[in-house]
Structure formats: C-alpha cells, structure tokens
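# Residue-level structural notes
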There are 4 protein chains.
Amino acid sequence: MSTPTEYPMAPALQVARWFNTDAPITLSGLRGQVVVIEAFQMLCPGCVAHGLPQAAEIADTFPVQEVAVLGLHSVFEHHDAMQPHALEAFLHEYRIPFPVAVDAPAEPGEGPIPKTMQTYELRGTPSLLVIDRAGRLRIKHFGRLSDMHVAVAISKLVSERETITGFSTVATPAVKGATCTEDGCTV
Amino acid sequence: MSTPTEYPMAPALQVARWFNTDAPITLSGLRGQVVVIEAFQMLCPGCVAHGLPQAAEIADTFPVQEVAVLGLHSVFEHHDAMQPHALEAFLHEYRIPFPVAVDAPAEPGEGPIPKTMQTYELRGTPSLLVIDRAGRLRIKHFGRLSDMHVAVAISKLVSERETITGFSTVATPAVKGATCTEDGCTV
Amino acid sequence: MSTPTEYPMAPALQVARWFNTDAPITLSGLRGQVVVIEAFQMLCPGCVAHGLPQAAEIADTFPVQEVAVLGLHSVFEHHDAMQPHALEAFLHEYRIPFPVAVDAPAEPGEGPIPKTMQTYELRGTPSLLVIDRAGRLRIKHFGRLSDMHVAVAISKLVSERETITGFSTVATPAVKGATCTEDGCTV
Amino acid sequence: MSTPTEYPMAPALQVARWFNTDAPITLSGLRGQVVVIEAFQMLCPGCVAHGLPQAAEIADTFPVQEVAVLGLHSVFEHHDAMQPHALEAFLHEYRIPFPVAVDAPAEPGEGPIPKTMQTYELRGTPSLLVIDRAGRLRIKHFGRLSDMHVAVAISKLVSERETITGFSTVATPAVKGATCTEDGCTV
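Owing to the predicted nature of the structure, the values given are computational and were not obtained by experimental measurement. (Residues numbered from 1 in each chain as written. Chains lettered and ligands numbered in written order. Predicted model: local features only at pLDDT ≥ 70, side-chain atom pairs only at ≥ 80, totals over all residues. Heavy atoms only, no water.)

## A look at the relation of the copies chain B and chain C
By a simple turn and slide, chain B fits onto chain C: the slide is 0.0 Å along the axis, the RMSD is 0.0 Å, and the turn is 180 degrees. What we have between these two chains is a two-fold relation. Interface overlap between copies: 100% of the residues of chain B at the interface are likewise at the interface in chain C, consistent with a symmetric, same-surface contact. (Least-squares fit on C-alpha atoms with pLDDT ≥ 70 in both. Contact = heavy atoms within 4.5 Å.)

Below, the structure written as structure tokens:
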C-alpha cells in the first residue's frame, strides 16, 4: 500500500515569464488543487495536434477550483524560433486559454535544456505532469495518452482525501539529440 | 447535500436473450460495481460511429471489478432488420467485446418500443446509462458525450464510498415518430 | 501506348433487385458516362466507415452526366442478417443517396458468393470498380484508397476522349473463408 | 465558351528567399507543368491542420513532371514571430517536402501585407493558387477545400491540351484587420 511519503514533492517551476495570467503562479500557491502541467514547444507537431488541445479540454471539463491547468513552454531545440514574442503570437492564434510559463533557459554552458525541464527530467514534448493536492508529483508522461485515461487519472487525484493509490512517476533520463515524430519531440 | 435516497434504484433489465456471456446477467448481481449500459440499435449511425466505440473504450480503461459495461439492443424501428440473428452477425463483425442484452419486445398492441427502453423512458439511441455501486440510476444521457466527460462521471461513481455527490438523472418522456441524425436516433 | 482493346468490357451486373431508383439500371444504358460501383456489405465496418461515405462524396463532387455512382450489395457472409429488407432500413438510416443493386445470390450449391461478385472476381468488400465511357473495366480495388487518388483516377477517365492511358485492372482470385479487418472484409 | 485569353497570366512571385530548393524557382521556368501554390503562415492553425497537409498530399499524388507544388510563406501579422529562421525550424519539424518561398516584405509604409500576396489580392491564409500549363491563374481559393474537389480541379488542368474549360478566378479584395478562425486567417 502506498503512503504519501513515497511520492516526491513536485519541484518548483523555474519561470522566465508568464502569459495569460496577471500575476506569477507558484505550485505552492496551488496547494489543495490538482495541478496539470502541459510541457510543450510551439513548433512541436504532437503538442499542437494532441497535447495542447487535450490540456484545453481538461481545463474545460474539470472545475477550476479542483484542477488548475498550466502550460510550460520548455524549448530544447530551435531556440531562436521560439522566443517569448513568438510564443505570444502562437498563444493568441491557437487561442490557448490557460496560463503559460516560459521555462527558464539553461545557464550558459549547460546545454539546450531549460531549467524546469532539467529538474523534472522530461524526455521531450509533449509531456504531461500531474501534481496532487498535497503538491506531490504523481504522473509524468511523455507522448500521447487517450482522453479517457487522462480523465480517469486526474479524477482519482481529485477524489483523494487521505489515502493515495495507484500512480507512480517514471523517471526518464534526458539524452542528447532531439528528434520529432508524430507523437512528440524527444530530447 | 445529496443523500442516497434521492436517486431511484435502476429498474431491472428485461431481456429476451444475451450475447457474449455464458449466463444471464442481472443488475442486482452486479451490486458493488459501477454499471455502464450502452443502449443502441445496430442500424443507428451514431451508435456505430460514437456510442459503441466509446463503450468499448470504457471497458478497456476501467478494471472490470470496478466497472461492468453492458450493451442493450433496444430496437424501436426497423424491427425486421434488427432481429437477434442479425445482431449476432453485427456483434461479430464489429468485434464488440462486452455482454449485450436484447431488450425484450413490447407486448402486442403496446407500440414499437421495447420493455427496458420503456421502463427507463429513453429518448432514443445511443443512450448511456450509469448505475452506481448501490444500484441507483445516476446518469441517463441521450446522444454524444466527450470521452473526457464520460470518464470523469464514471470515475466519480467508482470513488464513491458512503456519500453521493453531483449527478442527477434527467427523465425524458418518450415521444412517437423515430428519426436519426448524426448524433443518434430518437423515438 | 494502350489501345482500347487492352481493357476488358465490364460484365453485366446480375441484380436481384434495386433500391433508390425507379427503374432497373444497366451498364450498357450508362455508356458515355464513367460508372463508379461501390461493392459493399451493410455489416462490413470498413464499408460503413470509409467505402460508402467516399462513394457518396464522389456522387456529390462529379456532375451526374459525367459520373454515375452505384452501390452493389454483394453479401458473401451472414446472408440471413443482410437480406433486402434489412438493406432497405440500412440505406434509409445511413441516407445513401445513389441507386443500390442487390447482387444476385449464387445458385444452390455454388457457395456463398453472389453472382456479380463471382464474375468480377472481387476479393471482398469494400471494392471500388470504375468503368470508362466505353464500358471497359478500368479500376478494380479492394480496400481503402485516399479521396485524392480516387478523384484523380476518375478524373482521368472523365477527360478521356479517344485515347486511353494508364490504368489496369488487377485480377484477384477469390479464396474461401471470410474475415473482416478495419479496412474491409475478404472472401 | 472560355478561351485562353480570358484567364490572366499568373504574376511572377516576389520572393525574399527560398527553402527546400537548391536554386530559385520561377513560374516561367515551370511552364508546361500545372503549378500549385499553398500560401500559408506558420502560425495559422488552419494552414497547419489542413492547408499544408493537403499540399503535401497533392505533391505525393501527382507526378512531379505534371504538377509542381510550392509553398508561399505570406506573413501579414505577427511578423516578428515568423521570420525566415523560425520558418526554417517549422519546415524541419513539420517535414514539409516541397520548395517554400518567403513572400517579399512590403516596402516601408505599405502596410503589413507582403508583395506577392498584394499582387494576387489574397484574402488570407491558407490560400490555394493553381496555375495552368500555359502560366495562367486558374484557381484562387481562400480557406478549406475537400481533397476530392482539389484533385478534380487539378486533374482537369493536367488533362488540358488546347482548350480550357470551367474555372474562373475570384478576385477578392484585401481588407484591413487580421483574424484567424479554424479555417484560416484573413487579412
């Protein structure tokens, strides 16, 4: 039987700037809500076709007081093409309704992977992160999931009170050399 | 706050015969599981395109000990074209994986609507019925629902223990004269 | 360079009865038009999902004086479930707009494959047959084709005057034992 | 009856730079082929979802000696976000297989609409332009077309020898103020 201490606390987001919100958002400020984070790149075909529409439908399906949906723009390739001013145009044209954080760029010499993406050891984009009411990282998934599976998983976290069942995070080590398929772009 | 007594017990299914099961199934025998019933007609385009594939995905997503999925073939038009031997061929060709009940035909002089469909006062096909662990009818929906909404609704019933929150059945009176649209066929 | 004699004349359809037309239709009566025949079974999932909608779009795209679209209900399995009265209900519910012929049943002792399907040596359903203005069989294809490829092929036949270029029929021997996949049902 | 002189010659493309080709391409150099031009913006949702995939399928369906497919990146909004270096990343990630021209920016003081887009008086993106073997503009369409209609239209131009039938260009005046819908972005 799982106990709360088996799941790691979700590390803080490291954010260069925010869109679609008046004030910066912190994970600790969302304690009590389930938090869904869609990590994406604006030029990642799988993010545009599947990841972001699914995140928008999550935001549309669950009450905001139960589930907070955030975007995280984690650029690890073609950095020049995906600067914040380009992201702003993208968010406008694709009518993304939820707050979006720009993942803080790596320090000089650290390579192409931005800071939050490093910390969470994401394999690529799109990646779905789900954090429970207590701030623990419960789901980390790279690539495509069915709407039904995602909804079941989030629903379980919404309905949790004291006990925790069923999910585990899968730590996926980052590797060099990005490629994109229909499903997503990997580091 | 809702209490259990606010929801009606789901009436027993009235079944002429079963497919995809060795023994007849009763709602009372499924007490303790959430029960999802997909009421359909084999020649209803919306059932074939949306309703039955969604029911199959529900069966694939939820553990069978938590959620039982049943089909209910409720023929209210073109009765000659949708007899049980035709349904058997249909279930084979469309690879329907879950048990399917043939709704018992109406008594002579009662009109075209079969018995379970009458009792549940369904508007047409496809209709989704969801019954909670205690045997109460919690959801009755005619037409199309998103996978995400369906999964959230079923998940809430799965996670219920003592208390009940949120859903209500919508009693929809049956009317004469069937027509089919892309979404479904109405009585 | 191809010459007209390289292509076989399309054999006459052998029809038990017609739907969606006031009078029987013959291929010889359609000479001068390109003729598109969608061979299908009403309980074949690939026919319902892809073949028949594509045939309806062909009928909607090409002027009727240039291209005649016909359905051919060639039942080679589950005969009891797909009798003409059931087909009539199917054509009504799926709003099939073009004339549909019921392929004449095989003689007793000949096996399950109906007569036109035998004559044309079809592999299964859906099969697309295209006949040129001069009555020659130019395309015979089992399974799924993209809308763009189908439109290009038909367009070439529409634009032909004296010369003939490019297509060949592929004679595909009939074999015993029917199975259906997502793409179609084979004999 | 149409005569060749009724159709205007397609004006020369005004191009800042090319991608996916070793040497610049001119319409006059493509005389003898039908030329399909997909005018798009990389941040236009309708271009990404429908226009560009359709152009790629045209390139895949018609022999290159008959039909040349070109992209034309006509940016009329969010110019900073869609500079050529960003386009290069986009073309890579979306695996666009055909040559793409960057529409030459307007002169200072002329407004946001690039030169070729001005000359052709396009309403927005995606727009499909089709030019016949003799270099005449035959189709100009803003928004979405079915694959079947596009294939029929192109096929007719491919099959033309001396005579011309059926198409007309629709001159659509450019207006100020861009907006994007699911189908496209208008000027």
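Back to the write-up after that little detour.
## A few points about the sheet that holds strand β3 (residues 67-73) of chain B
What links the strands of a sheet is backbone hydrogen bonding, and the strands pair in either a parallel or an antiparallel sense. Residue and element names in this part refer to chain B. In spatial order, the strands read β1-β4-β3-β2-β6-β7; together these six strands make up an open sheet with mixed pairing. Of all the strands in the sheet, the pair left with one neighbour each is β1 (15-19) and β7 (137-142). When the angles between neighbouring strand axes are averaged without regard to direction, this sheet yields 20 degrees. Against the sheet, helix α2 (residues 84-93) makes contact with β1, β2 (34-40), β3 and β4 (100-103), and its axis sits at roughly 30 degrees relative to β1, the strand it touches most. Its contacts with the sheet place helix α4 (residues 147-159) against β2, β3, β6 (127-131) and β7, and it is angled at close to 145 degrees to β2. (Pairing = 2+ DSSP bridges. Helix = DSSP H or I, 4+ residues; strand = E, 2+ residues; numbered from the N terminus. Axes fitted to C-alpha atoms, helices over the stretch in contact; angles between N-to-C directions.)

## Quick notes on the environment of Ala106(C)
Residue and element names in this part refer to chain C. By secondary structure assignment, the location of Ala106 is in the loop between β4 (100-103) and α3 (115-119). Ala106 sits 30 residues away from Phe76 along the chain, and the two C-alpha atoms are 9.5 Å apart. Ignoring any residue separated from it by four or fewer positions in sequence, one finds Ala106 in contact with Gly111, Ile113, Pro114, Lys115 and Gln118.

## Regarding the interface of chain B and chain C
Facing 20 residues of chain B, the contacting portion of chain C comprises 20 residues. For the chain B and chain C pair, buried surface summed over both sides reaches about 1500 Å², with 61% attributable to carbon and sulfur atoms. Our enumeration of links across chain B and chain C arrives at zero salt bridges. At the boundary of chain B and chain C, one finds four residue pairs in polar contact (both at pLDDT 80 or more). Of all elements in the fold, only α1 (45-61) and α2 of chain B reach the threshold of two or more residues within the side of chain B that touches chain C. Among the elements that take part in the side of chain B that touches chain C, α2(B) stands out by supplying six residues, more than any other. In the side of chain B that touches chain C, the residues fall into twelve nonpolar, four polar and four charged. (Buried area = accessible area lost by both parts, 1.4 Å probe. Salt bridge = Lys/Arg side-chain N within 4 Å of Asp/Glu carboxyl O. Polar contact = N/O pair within 3.5 Å; in protein donor to acceptor, adjacent residues only side chain to side chain. Nonpolar A, V, L, I, M, F, W, Y, C, P; charged D, E, K, R; others polar.)

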